[in-house]
Amino acid sequence: MAPKRKLIVIVGITGNQGGSVASRFLSDPRYHIRGLTRNPCSPSARALASKGVEIIPADLDDVATLIPAFRGANLIFSVTNYWEPFFRPDCRAKAAELGMSCRKYAYEVEVRQGRNIADAVATTVESLDENGFIASTLSHAARCSRGRFNELYHFDAKAEVFPDHVGENHKLLARKTSYVQTGFFMSSYRLALGAYFRKTDEDSFLMSFPCSRHAPIPHLDVSTDLGPFIYAVSQLPPGKHYLAAGTTCSWSEYMRIWSETTGNQTSYKETGLQELIENTPDKEFGREIGDMYLYSSNPGYDGGDKTLLKAQDIKKLGAECPMTGLEEWMRKEDWSMVLNQ
Ligand SMILES: NC(=O)c1ccc[n+]([C@@H]2O[C@H](COP(=O)([O-])OP(=O)(O)OC[C@H]3O[C@@H](n4cnc5c(N)ncnc54)[C@H](OP(=O)(O)O)[C@@H]3O)[C@@H](O)[C@H]2O)c1
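Owing to the predicted nature of the structure, the values given are computational and were not obtained by experimental measurement.

About the criteria used
- Residues numbered from 1 in each chain as written.
- Predicted model: local features only at pLDDT ≥ 70, side-chain atom pairs only at ≥ 80, totals over all residues.
- Core = buried A, V, L, I, M, F, W, Y, C linked by C-beta atoms within 7 Å.
- Buried ≥ 20, exposed ≤ 12 C-beta atoms within 10 Å, placed from the backbone.
- Helix = DSSP H or I, 4+ residues; strand = E, 2+ residues; numbered from the N terminus.
- Contact = placed C-beta atoms within 7 Å.
- Pairing = 2+ DSSP bridges.
- Axes fitted to C-alpha atoms, helices over the stretch in contact; angles between N-to-C directions.
- Near = placed C-beta within 6 Å.
- Nonpolar A, V, L, I, M, F, W, Y, C, P; charged D, E, K, R; others polar.
- Expected span 1.5 Å × (residues − 1).
- Right-handed = clockwise from strand over helix to strand, strands pointing away.

Novice: Just give me the short version of the nonpolar core, but keep the residues and values in it.
Specialist: Ile10, Val121, Phe229 and Ile230 are the most contacted members of the largest nonpolar core, which has 95 residues in total. At 11 residues, the largest contribution of residues to this core is made by helix H6 (residues 102-122). Setting aside its immediate chain neighbours within four residues, Phe229 contacts Val180, Ala244, Ala311 and Cys321.

In structure tokens form, the structure reads like this:
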């Protein structure tokens, strides 16, 4: 008789992070994969189902759908998405009705959904492996900056649940949990093209962020590398905090590498927060990411935490953790969106 397979449950399986985790675990026949989605009929959910993933309907806003979805899991990966309630028109309308910014509104949704995940995972703590819950998160900006950044909502919403809420309310679960901060997605330039690459001449491009030209920034090829990173973390003892990134380099260095890769002229200009907001069509988006760039300068994207474990630390501990470097990723990327703007 074939040995019973382990059950991994993946939140956000139809997205960047969860999709990468699914890809990695699909190549290990010892795992049965269960993925959560609001819409099992979407093309991405169907594609996963055709690969053998058990797709089940669940909503992070409804903890009653999460409890049965997590039941019996040996391993759970979770991610929360700040940007959906931030951008959705009905959420914008609700925020306006409540008299709050869409940034704060999205923060409240993300915290609520994160707590729902943690509370539901806690109901199956007995079935989880020793390191059975791995949560995607970011650093706590308000705390790490000693109050200088009190409105970096998409960072704090994650950190206030993972690890804060878990540590304060679910002691048993906390002992079986690991936290993975994710670096800047290398693909994120597509979301803010004008800020990353402003065409100043036929073959000249300017990047202008409110971030020191020397600040080290972690860059992550999320779709290729997050899955192998989470797979490696799952093999290590629990209770640790990680940072997933393939390359750590400043934005000015990023532009130098891009110039070498594509043969275009580049420059980097340190700009102010107000200038970034003015140059961003969605002012609220400009403010949220502007704060992120400032915070990345000081104390740093990771909040200045030098104890976070990285891919090289994982390798030293004996687990495989292949990561894509920025230059390697840039060579594979189709840059026509930038070059033809
Ligand atoms: N962009 C960057 O550079 C960067 C860097 C670090 C961290 N992050 C963080 O990454 C997060 C987004 O991760 P991602 O890129 O993987 O997201 P994504 O590709 O947009 O996917 C979002 C996933 O979440 C699921 N989801 C959303 N709301 C849900 C709900 N109410 N119930 C059930 N499932 C729900 C979606 O499932 P269905 O739609 O199928 O239901 C989908 O699978 C954000 O919070 C962001 O702050 C981004």
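Novice: Before we move on, can you summarise the sheet that holds strand E8 (residues 198-201) with the specific residues and values?
Specialist: Read from one edge to the other, the open sheet built from three strands follows the order E8-E9-E13, with strand pairing classed as mixed. Two strands bound the open sheet, and with one partner strand each, they are E8 and strand E13 (265-270). Here the average twist between neighbouring strands, direction ignored, is 30 degrees.

Novice: Describe the site of the ligand, listing the residues and the values that go with them.
Specialist: Taken together, 28 residues lie near the ligand, and Gly15, Gln17, Thr37, Arg38 and Phe185 sit nearest. Sorting the residues of the shell around the ligand by element identifies helix H1 (16-26), strand E2 (31-37), helix H4 (83-87) and strand E7 (184-185) as the ones contributing at least two each. Per-element tally for the shell around the ligand: the top contributor is H1, with three residues. Looking at the shell around the ligand, its residues break down into 10 nonpolar, 14 polar and four charged.

Novice: Residue-level account of helix H11 (residues 222-234), with values.
Specialist: Over its 13 residues, H11 extends 17 Å from the first C-alpha to the last, a length consistent with the 18 Å expected when each residue adds 1.5 Å. Among the 13 residues of H11, 11 are classified as buried, and the element is accordingly described as predominantly covered. Considered for burial, the residues of H11 that qualify are Val222, Asp225, Leu226, Gly227, Pro228, Phe229, Ile230, Tyr231, Ala232, Val233 and Ser234.

Novice: Residue-level account of H1, with values.
Specialist: Most of H1 is tucked away, with eight of its 11 residues classed as buried. Restricting attention to buried positions, one finds in H1 the residues Gln17, Gly18, Gly19, Ser20, Val21, Ala22, Arg24 and Phe25.

Novice: So what about the pairing of strand E1 (residues 6-10)? Which residues, and what values?
Specialist: Taken together, the five bridges between E1 and E2 define a ladder with parallel strand orientation. In the strand pairing of E2, Ile8 is matched with Ile33. In this view, the connection linking E1 to its parallel neighbour E2 by way of H1 has right-handed handedness. Taken together, the three bridges between E1 and strand E4 (residues 75-78) define a ladder with parallel strand orientation. The residue of E4 that forms the bridge with Ile8 is Leu75.

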